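# Analysis of the macromolecular model
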Amino acid sequence: MKQANAAVAAPKKKFNLGKVLRRDWQLWIMILPAALYILIFCYGPMYGLQLAFKDYDFSKGITGGDWAGFTYFQKYFDSPLFWPTIRNTFTIAFFSLICGFPVPIILAIAINSIKSQRWKRTVQTTVYLPYFISTVVLVAILQILLSTTTGLVSNALKAIGLIGEKANLLGDPGSFVPVYVISGIWQSAGWNSIIFIAALAAVDGQLYDAAKVDGANRWQQVWHVELPAILPTIIILLIMNMGGILSVGFEKTLLMQTATNQGVSEVISTYVYNIGLKSSQFSFGSAVGLFNTVVNFVFLVLANQISKRAANISLM
Amino acid sequence: MATANPTVKNTIRTHNGPDILFKIVVSFICIFAFVIVLYPVYFIIIASFSNSTMVNQGQVILYPKGISLYGYEQIFKKSEIWVGYKNTILYSFFGTALNLAVTLPAAYVLSRRTFPARKIIMKLFVFTMYFNGGMIPTYMLIKDVGLLDSPLVMIIYGALNVYNLIITRTFFETSIPDELYEAATLDGCSHFRYFGTIVLPLSKAVIAVIMLYYLVGHWNDFFNALLYINTDAYQPLQIVLRNILLLNQAMAGTTGVTGGGGGGAGAYAQQYADQIKFGVIIVSTLPVLCVYPFIQKYFEKGVMIGAVKG
């Protein structure tokens, strides 16, 4: 991550703007569409964030309203939905991370140890597949398989006594987080394992031989050869996941939301959507959204700093 | 990799017990993952061809029973699905074309080490991956630039994905030797020409990767349509799917066909609505599932190129 930046430290020459422009004008034209896009569609909304500090006035547009300071933030902090939305977002993100993070690693180690190339390819092709299923279809499949009366999975779980006869996996507040997390693992564990499989494939075969000469069995080879080899990848991905701790999948949460599970399924992003867009409280919605982004950003920077200190690995 | 070198095989200790256990555990994990991923998909496929009463009674488990194409027949009659299909194809096609037209030249520029603004532009781009205006200010912006409820928003918004840009740039930097550029400029080759005649033909792999990333993104896009499109005629497939699959509007167009009123007709219609759902899932996901096995190796490649730089 760091070498790339160091490598470009070219010697400073005297800067001649006219000459540089004449030399590079084609490059400027090629980057123009991308730069315009980022400026308008990414930095434009950031400019619009002032909405969070203003009273929105339909007649005056985004920037026209009167300054309201931190009123809307205060309103969110005082709102009865402040703690529930924070708690729900954290709970979903936390369990997604804790339960979801180790699965791709275990899967990658298992796939990497398959000797038959054909079976290996088959397993890989299969486990990557759910990643390409759209969220709408995923939630529809969940509704079909978990339906209280006819669902294959819910009936099977009832038959083996894992859930009660009256359990409703789609409506019970208690089952929202497990269903969300497990279906998330189902959808993305395979895809997330690719990066670890790649890291494992790069391990020098001599390391395994050396481990064997030292008397290591397969378990010890995993522990002493394979895990250290993928540790940098694990740390990088952990940092990135930490940064997204408050960005729980909006689409999936919204689609899985029902009247009965709203108490646990209303996360910050769905709250912004419901209150900001559906009820047209634009300033309030912006403030809640900005709060979310800032918390996320702080988490990312913190995680990045910690790993920089601890392992000398960082994103930026 | 895991097989021992034959010459040292006799000198090292064997661990039959733990090694066999390892093999069993690993095989179990792979088989488990294989079955648990494939079965739901397989179930939807066989259920879509089966008699829905038998599906609901849990009789359809391993193979289709009471073959019925009713669901598919109804789907072919439902115009909103085909409007959605058409819209999604248009959005995906033009959207992806725009994505490539924006991403590839920009990635080329950012891969040129002599380009003075390269570092600062890269930083400004990457910053947007971690910090953004959020839902409401973005909505306001889309409204202000006149894209609200216009099909163009589905094509223009998202024209550049910074992650894909980084993948492409990394590929250009690592896979195309600088000597090529030096040789080309000595012969008087401009950036435009070098990019068009040398860089692009050498980058088919990465173009395939990001094209497919963008394409799947457009195909599965639900969020943007939900926020920015109101007119039914512009709705993409995923919104139509949501209406049919999750908001249970499957019966809307079919009750008139299946029942002439009466109490029994409701349950009857619901049963067929279920079958339509299975069919709709298949019809909408089929393009992705059909193409996927052939392009899977490119996707993998993309993840690996992307992994080089976070």
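Of regular secondary structure, chain A possesses 15 helices and 0 strands. Relative to a compact globule of 316 residues, whose C-alpha radius of gyration would be 20 Å, chain A shows 25 Å and is clearly more extended. For the C-alpha atoms alone, the extent of chain A along its principal axes is close to 75 × 75 × 35 Å. The buried share of chain A, taken over its 316 residues, is 40%. In chain A, the share of contacts with a sequence separation of at least 24, taken over all contacts with a separation of at least 6, comes to 66%.

Along the backbone of chain B there are 16 helices and 0 strands. Sequence separation of at least 24 residues holds for 69% of the intrachain contacts in chain B that already meet a minimum separation of 6.

Glancing now at the environment of B:Ile121. Within the element layout of this structure, B:Ile121 appears in helix H6 (residues 118-130). The partly exposed category is assigned to B:Ile121, around which 18 C-beta atoms lie within 10 Å. Considering only alpha carbons, one finds B:Ile121 and B:Leu212, 91 residues apart in sequence, at a separation of 25 Å. Discounting chain neighbours no more than four positions away, the residues touching B:Ile121 are A:Ile31, A:Ala35 and B:Leu110.

All names here are of chain B. Contact geometry of helix H5 (residues 79-111) with helix H9 (residues 162-175) gives a least axis separation of 8 Å together with a crossing angle of 50°. Accordingly, the angle class assigned to the pair H5 and H9 is oblique. Handedness of the H5/H9 crossing: right-handed. Residues Thr103, Leu104, Ala106, Ala107, Tyr108, Leu110 and Ser111 of H5 form the contact with H9, whose participating residues are Asn164, Leu165, Thr168, Arg169, Phe172 and Glu173.

Looking at the element boundaries, A:Met46 is found in helix H2 (residues 17-47). C-alpha of A:Met46 to C-alpha of A:Asn261: the two residues are 215 residues apart in sequence and 33 Å apart in space.

Turning next to the interface of chain A and chain B. Taken together, the contact between chain A and chain B spans 85 residues of the former and 79 residues of the latter. The element contributing the most residues to the side of chain A that touches chain B is H2(A), with 16 residues.

Moving on: the domain arrangement of chain B. When cut into domains, chain B gives domain 1 (6-70) and domain 2 (79-241). Between the C-alpha centres of domain 1 of chain B and domain 2 of chain B the distance comes to 38 Å.

With that settled, consider unusual backbone geometry. Not every positive phi belongs to a glycine, and A:Ser280 is a case in point at roughly 55°. Considering the arrangement of structural elements, one finds A:Ser280 in the loop between helix H14 (268-278) and helix H15 (282-311). Since 12 C-beta atoms lie within 10 Å of it, A:Ser280 is described here as exposed. Of note, the phi angle at B:Asp149 is positive, near 60°, even though the residue is not glycine. With respect to the helices, strands and loops of the structure, B:Asp149 is situated in the loop between helix H7 (135-144) and helix H8 (152-156). The exposure class of B:Asp149 is partly exposed, given the 13 C-beta atoms found within 10 Å.

Residues and elements named next belong to chain B. Confidence in the prediction of chain B, expressed as mean pLDDT, is 83, and 86% of residues score 70 or more. Taken element by element, the predicted model of chain B shows its lowest mean pLDDT in helix H15 (residues 255-258) (37) and its highest in H8 (96). Scored below 50 in pLDDT, residues 251-263 shows 18 contacts in the model against residues more than four places distant or in partner chains. For this predicted complex, the interface score ipTM comes out at 0.84, while the overall pTM is 0.86.

Attention now moves to the nonpolar core. Soluble globular proteins tend to bury their nonpolar side chains together. Counting residues in each nonpolar core, the largest one holds 137 residues, and the members touching the most others are A:Ile141 and B:Ala106. The biggest single contributor to this core is helix H9 (residues 173-201) of chain A, with 12 residues. The two domains that each donate at least three residues to this core are domain 1 (6-70) and domain 2 (79-241) of chain B.

Glancing now at the confidence of the model for chain A. Residue and element names in this part refer to chain A. Of all residues in chain A, 92% attain a pLDDT of 70 or more, and the chain-wide mean is 85. The least confident element of chain A is helix H1 (residues 3-7), whose mean pLDDT is 45; the most confident is helix H5 (residues 102-112), at 94. A low-confidence stretch, residues 1-11 stays under pLDDT 50, and its non-local contacts, those more than four residues away or across chains, total 8 contacts.

Turning to the packing of H9(B) against helix H12 (residues 204-219) of chain B, a few remarks are in order. Residue and element names in this part refer to chain B. Running from N to C, H9 and H12 cross one another at 175°; their axes reach a closest spacing of 10 Å. One way to sum up the angle between H9 and H12 is to call them roughly antiparallel. The segment H9 lies against H12, with Asn164, Ile167, Thr168 and Phe171 engaging Val206, Val209, Ile210, Tyr213 and Tyr214. In terms of residue class, the contact of H9 with H12 is made up of 7 nonpolar, 2 polar and no charged.

Conventions adopted
- Residues numbered from 1 in each chain as written.
- Chains lettered and ligands numbered in written order.
- Predicted model: local features only at pLDDT ≥ 70, side-chain atom pairs only at ≥ 80, totals over all residues.
- Helix = DSSP H or I, 4+ residues; strand = E, 2+ residues; numbered from the N terminus.
- Rg over C-alpha atoms; globule rule 2.2 N^0.38 Å.
- Buried ≥ 20, exposed ≤ 12 C-beta atoms within 10 Å, placed from the backbone.
- Contact = placed C-beta atoms within 7 Å.
- Axes fitted to C-alpha atoms, helices over the stretch in contact; angles between N-to-C directions.
- Parallel < 35°, antiparallel > 145°, perpendicular 65-115°, else oblique.
- Left-handed = near helix turned anticlockwise from the far one by under 90°.
- Domains from an automatic or database assignment.
- pLDDT = per-residue confidence, 0-100.
- Core = buried A, V, L, I, M, F, W, Y, C linked by C-beta atoms within 7 Å.
- Nonpolar A, V, L, I, M, F, W, Y, C, P; charged D, E, K, R; others polar.

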